Amino acid sequence: MTQFDLTDDQRQIQEMAQKFTADAITPFAAEWDEKHIFPRDTIRAAAELGFGSIYVSEESGGIGLGRLEAALIMEAMAYGCPSTSAFISIHNMASWMIDRFGGDEVKAKYLPALIPMDQIASYCLTEPSSGSDAAALKTKAVLDGDHYVVSGSKAFISGAGENEIYVTMVRTGEDGPKGISALVIEKDMKGVSFGANEKKLGWHSQPTRQVNFDEVRVPVANRVGGEGEGFRIAMMGLDGGRLNIGACSLGGAQRCLDEAVKYTRERKQFGKAIADFQNTQFTLADMETELQAARYLLYVAAAKVTANTPDKTKFAAMAKRLATDTGSSVVDRALQLHGGYGYLQDYPIERFWRDLRVHSILEGTNQVMRMIVGRELTRQ
């Protein structure tokens, strides 16, 4: 990124993602939502463009882009379907962890199938009794020769039951963050099972289930990073995940703002288009201003994460909080501008309203984002 604008290469990446979305996602997203269809073929088509390995290194077969380029791709795809875009983001986060922190054996074992998304990865941190307090996780991995024996459960896992690979945070040592390690667990390993598909408000194009581990034997070679490094790896992954989920909010909100502009120009009341009323123009102006402000904070935060600056985590938290809150607010106002029609499934607004609502909860709640920022400020 040049100081306040995208580079030519970044614009080309953005345009490629926008064209893919217009052709392969937007025309079908409403049906995916209504019928709870998991669009695996579309996801694999995204991987053909490199979108399954956005920041996996070129040495490992990925396209080795930065976090800003990833955010541009996620934002573009979310214009068509935030649920599908977010799903691809999660796969990228898990694949990056294997590439960045895994040894040669685990990388060679899994990345060749993950990069083209012939196999898809889930990220398993949250548990039924540990959400925001992630370091209190209880899933245990006990060393037994050259294997870990894993027992426990993970909750709210995107892709669970469908995906083949689960990058899982487990307790291998003492209580707290220093006792957590990361393991790659396969769907077909004996003792892995899944709960029922959760009935969610939104994100209908991807399955969400509980993952259960009943004395699952996982090779020590499947560990990502050293023993006790799992929590640090998880938090580093979340810096990028927070940017991507913020970008999904930006893309969804931009779609709804565009729909609102179009609708208010066409809809007539009291003898003229409702876009001609000053109240409508003021509402649209606020939506545009707030969305642009959130977008540029997120782009700056993405550049900081790529550059590994000391304040990257603070900026990622600020950007995630602002983008997801702003995104939901913009979509809510777009629905209001549509009046009763915005409440109908014939229009896309209500789907985005439902899909974006969870963005202020996952990848760290927006209350936790405020905790991160506040803690950093008072430490200085």
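So, here is what we can say about the structure in this document. (Residues numbered from 1 in each chain as written. Predicted model: local features only at pLDDT ≥ 70, side-chain atom pairs only at ≥ 80, totals over all residues. Heavy atoms only, no water.)

## A short note on the overall build of the protein
In step 1: Within the protein, the secondary structure is distributed over 11 helices and 10 strands.
In step 2: Across its three principal directions, the C-alpha atoms of the protein cover 80 × 50 × 40 Å.
In step 3: Counting across all 380 residues of the protein, residues that qualify as buried make up 54%.
In step 4: Here the contacts in the protein between residues at least 6 apart in sequence split such that 73% fall between residues at least 24 apart.
In step 5: Here the protein has roughly 16600 Å² of accessible surface; of this, 51% comes from carbon and sulfur atoms.
In step 6: Side-chain charges in the protein split into 42 positive and 49 negative, and the spacing between the mean points of these groups amounts to 4 Å. (Helix = DSSP H or I, 4+ residues; strand = E, 2+ residues; numbered from the N terminus. Buried < 20%, exposed > 50% of the residue type's maximum accessible area, 1.4 Å probe, protein only. Contact = heavy atoms within 4.5 Å. Areas by Shrake-Rupley, 256 points an atom, 1.4 Å probe, with all protein chains shown as cover. Lys, Arg positive; Asp, Glu negative; His and termini not counted. Charge placed at Lys NZ, Arg CZ, Asp CG, Glu CD.)

## Some words on helix H11 (residues 366–379)
In step 1: With 14 residues, H11 should reach 20 Å at 1.5 Å per residue; the first-to-last C-alpha distance of 20 Å fits that figure.
In step 2: Where H11 is buried, its residues contact helix H7 (230–266) and helix H9 (312–337). (Expected span 1.5 Å × (residues − 1).)

## Thoughts on the nonpolar core
In step 1: Counting residues in hydrophobic clusters, the biggest one holds 92 residues, and the most contacted among them are Met77, Met97, Ile98, Tyr123, Met169, Leu243 and Leu298.
In step 2: At 13 residues, the largest contribution of residues to this core is made by H7.
In step 3: Contacts of Tyr123, omitting those with residues within four sequence positions, involve Ile90, Met93, Met97, Ile157, Val167, Met169, Ala234 and Leu238.
In step 4: Within the second largest apolar cluster, 16 residues are counted, among which are Cys124, Tyr148, Val150 and Phe213. (Core = buried A, V, L, I, M, F, W, Y, C linked by side-chain atoms within 4.5 Å.)

## What to know about the pattern of salt bridges
In step 1: Under the criterion given, the structure shown has 19 salt bridges.
In step 2: The closest approach of N and O atoms between Arg217 and Asp144, which form a salt bridge, is 2.9 Å. Remark: Asp144 occurs in strand E2 (residues 140–144) and Arg217 occurs in strand E7 (residues 208–219); sequence separation between them is 73 residues.
In step 3: Judged by relative accessible area, which is 41%, Asp144 ranks as partly exposed. (Salt bridge = Lys/Arg side-chain N within 4 Å of Asp/Glu carboxyl O.)

## So, the packing of H7 against helix H8 (residues 278–307)
In step 1: The geometry of H7 relative to H8 is characterised by a closest axis approach of 10 Å and an angle of 160° between their N-to-C directions. With respect to their mutual orientation, H7 and H8 come out roughly antiparallel. In the crossing of H7 with H8, the sense of the turn from one axis to the other is left-handed. Contacts from Asp239, Leu243, Gly246, Ala247, Leu250, Ala253, Gln254, Leu257, Ala260, Val261 and Thr264 in H7 reach Thr280, Leu284, Met287, Glu288, Leu291, Ala294, Arg295, Leu298, Ala301, Ala302 and Val305 in H8.
In step 2: Of the residues contributing to the contact of H7 with H8, the split by class is 15 nonpolar, 4 polar and 3 charged. (Axes fitted to C-alpha atoms, helices over the stretch in contact; angles between N-to-C directions. Parallel < 35°, antiparallel > 145°, perpendicular 65-115°, else oblique. Left-handed = near helix turned anticlockwise from the far one by under 90°. Nonpolar A, V, L, I, M, F, W, Y, C, P; charged D, E, K, R; others polar.)

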